[in-house]
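A look at the structure
Here is how the chains run, residue by residue.
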Amino acid sequence: MKSAVETLNPTRVRLTVEVPFEELKDSLDAAYKKINQQVTVKGFRKGKIPARVIDQRFGRGAVLEEAVNDALPRFYTDAVNEAELNPLGQPEVDITELKDGETLNFTAEVDIRPTIEIPDYSGIEVEVDAVEVTDEDVEKAVEQLRERFASTSPVERAAEDGDVVTIDLEAKVDGEVLEDGVANGVSYTIGSGELLDGIDDAVKGLEAGGEATFTSELKGGSAAGRESEVTVKVTQVAARELPELDDDFAQLASEFDTLEELKADSRKRLENMKQYDQATQAQERVLDKLLELVEVPVPEKLLEDEINTRKHNLEHHQLAQMGLTLDKYLELQGKTAEEFDEETREAAVKGIKTQFVLDELVNKEKLNVNQEELTEHLMRRAASSGMSPDQFAQAVVQQNQVPLLVGEVARGKALAVVVEAATVKDTNGEIVDLEDEDEAAEAAETVEAEAEGDGEDKAEA
């Protein structure tokens, strides 16, 4: 077999392959054997029909077609390996010549990973938010904890802001009660914004037994997005009572004995959260700077597939779960279809470039992923997916996605290497030292996964 490579553009090549006919022998033998098992000829036992009889009865062309279909993937793979190419996706194959007993010639056009030169990235500088936790932040956190331990008691008065009301709801569209538009015994905190728009004004001022009607756009169900006439009846009004902020509350709500200890722990937790946010911010801004330094051509077919995948996942998974159409989502976001398409394209380009650049860094820095790192990443992915680690691991193995997870971890480590080499300052002008390597790598994995989009390794063949 002889092959040659023609570069069509930085991300696409054409392979021209010439195969001597004798190299088709194994595939021809397999073709005759396969046809032998599929047909019957009077006077011959099944599987024992001579090749000349098959040629006479069914045509030599049918045999050649079967043999070529069997052999092409092998010859294509050999040509790719010989040229040391990194193909993306499936090739477009065209048989240019097939002469029985002489030769098989074909071409294969395929997208390839572009050659990327990683420049010196040690000079990258970025600014991130300073880690500052104020007394007000601590008070707010403690107050939120206090809210969780609030108690309620029924009262005989009109409902007010902050009260918990028990209500019955009935929604009508075009004068007809919806099948899924009736709910009884719903508990609702006035002012929480957790139900329909307009419900707060409707129930405030009502006592138990009172009812009101208002118009609101339904957020879910069979008539999501439509205007509905909603009747709400209050069956109970209960006042919320917050516990006193004292040592007794600290003992009730935490493992601490005093309120001061609880506040100190809240401050530490807030600092840890802001440090993680700071690390994530550093990763994002360093990644953006790195991508600015590198010229990365993007294969058009790969980009088209990525855009379609992102749109499909948004429309048929994320929005479908919320009962929204794409048009309604764009209306809520205040975006035109053109703006949405442009944003999706920009995100897809960034995702593909991110993967190409970080994969090149993995090779350049000779980064490996050990079992412990892979297990930790799997645990984080399982938690974010809402599945147990065992369920998630089983799904990963069944769908043959272990290499995908390994790639995510490796790219996260590559980005962490760049961040370590960069200069990161906070808004106070202080150098930020991302000391926790595990946290930094975790943040990097999060950032590169978000840049890539839906978590699938689009750039793999």
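Let us look at the structure shown here. Note that this is a predicted model, so its numbers are computed, not measured.

1. Quick notes on the overall build of the chain
- On a plain count of helices and strands, the chain comes out with 14 helices and 11 strands.
- Taken over C-alpha atoms, the radius of gyration comes to 32 Å for the chain, far larger than the 23 Å a tight globule of 461 residues would show.
- Seen through its principal axes, the chain has C-alpha atoms that stretch 100 × 65 × 40 Å.
- Burial analysis of the chain (461 residues in total) assigns 38% to the buried set.
- Pairs at least 24 apart in sequence give 70% of the contacts found in the chain among residues at least 6 apart.

2. Remarks on the pattern of salt bridges
- Tallied over the full model, the rule gives 31 salt bridges.
- Notably, a salt bridge pairs Asp135 with Arg267, separated by 2.7 Å at the nearest N-O pair. You can see Asp135 sitting in helix α4 (residues 135-148) and its partner Arg267 sitting in helix α7 (residues 259-293), a full 132 residues away along the chain.
- One continuous salt-bridge network, built from bridges that share partners, spans Glu6, Arg12, Arg14, Glu92, Glu109 and Asp111.

3. Considering unusual backbone geometry
- The residue Glu84 is not glycine, and still its phi comes out positive at about 55 degrees.
- Within the secondary structure, Glu84 sits in the loop between α3 (60-83) and β3 (87-99).
- A residue is classified by how much of its surface remains accessible, and Glu84, at 71% relative accessible area, is exposed.
- One non-glycine residue, Asn400, lies in positive phi territory at about 55 degrees.
- Within the secondary structure, Asn400 is located in the loop between α12 (389-398) and α13 (402-421).
- A residue is classified by how much of its surface remains accessible, and Asn400, at 61% relative accessible area, is exposed.

4. Describing the sheet that holds strand β4 (residues 103-112)
- On the basis of which strands lie adjacent, the open sheet formed by 4 strands has the order β1-β2-β4-β3 and antiparallel pairing. Across the chains shown, the open sheet's two edge strands, defined by having one partner strand only, are β1 (2-9) and β3. Here the strands of the sheet are splayed against their neighbours by 20 degrees on average, with no regard to which way each runs.
- Where β3 lies against β4, 9 bridges are found, and the strand directions are antiparallel. For Asp94, the partnering residue across the bridge sits in β4 and is Thr107.

5. Quick notes on the packing of aromatic side chains
- Under the definition given, this model contains 1 aromatic pair.
- For the pair Phe149 and Phe249, a centre-to-centre distance of 6.2 Å together with 85 degrees between the ring planes defines the contact as edge-to-face. One end of the pair, Phe149, is in the loop between α4 and β6 (151-154); the other, Phe249, is in helix α6 (residues 247-253), with 100 residues separating them in the sequence.
- Overall, Phe249 belongs to the buried group, its relative accessible area being 2%.

6. Things to note about the pairing of β4
- With 9 of its 10 residues buried, β4 lies for the most part within the structure.
- Pairing between strand β2 (residues 12-20) and β4: 9 bridges, direction antiparallel. The residue bridging Leu15 from the neighbouring strand is Ala108, located in β4.
- Hairpin connection, β3 to β4: the antiparallel pair is bridged by 3 residues, and Gly101 has positive phi, about 85 degrees.

The rules behind each value
Residues numbered from 1 in each chain as written. Predicted model: local features only at pLDDT ≥ 70, side-chain atom pairs only at ≥ 80, totals over all residues. Heavy atoms only, no water. Helix = DSSP H or I, 4+ residues; strand = E, 2+ residues; numbered from the N terminus. Rg over C-alpha atoms; globule rule 2.2 N^0.38 Å. Buried < 20%, exposed > 50% of the residue type's maximum accessible area, 1.4 Å probe, protein only. Contact = heavy atoms within 4.5 Å. Salt bridge = Lys/Arg side-chain N within 4 Å of Asp/Glu carboxyl O. Pairing = 2+ DSSP bridges. Axes fitted to C-alpha atoms, helices over the stretch in contact; angles between N-to-C directions. Phe/Tyr/Trp six-rings, centres within 6.5 Å; stacked < 30°, edge-to-face > 60°.

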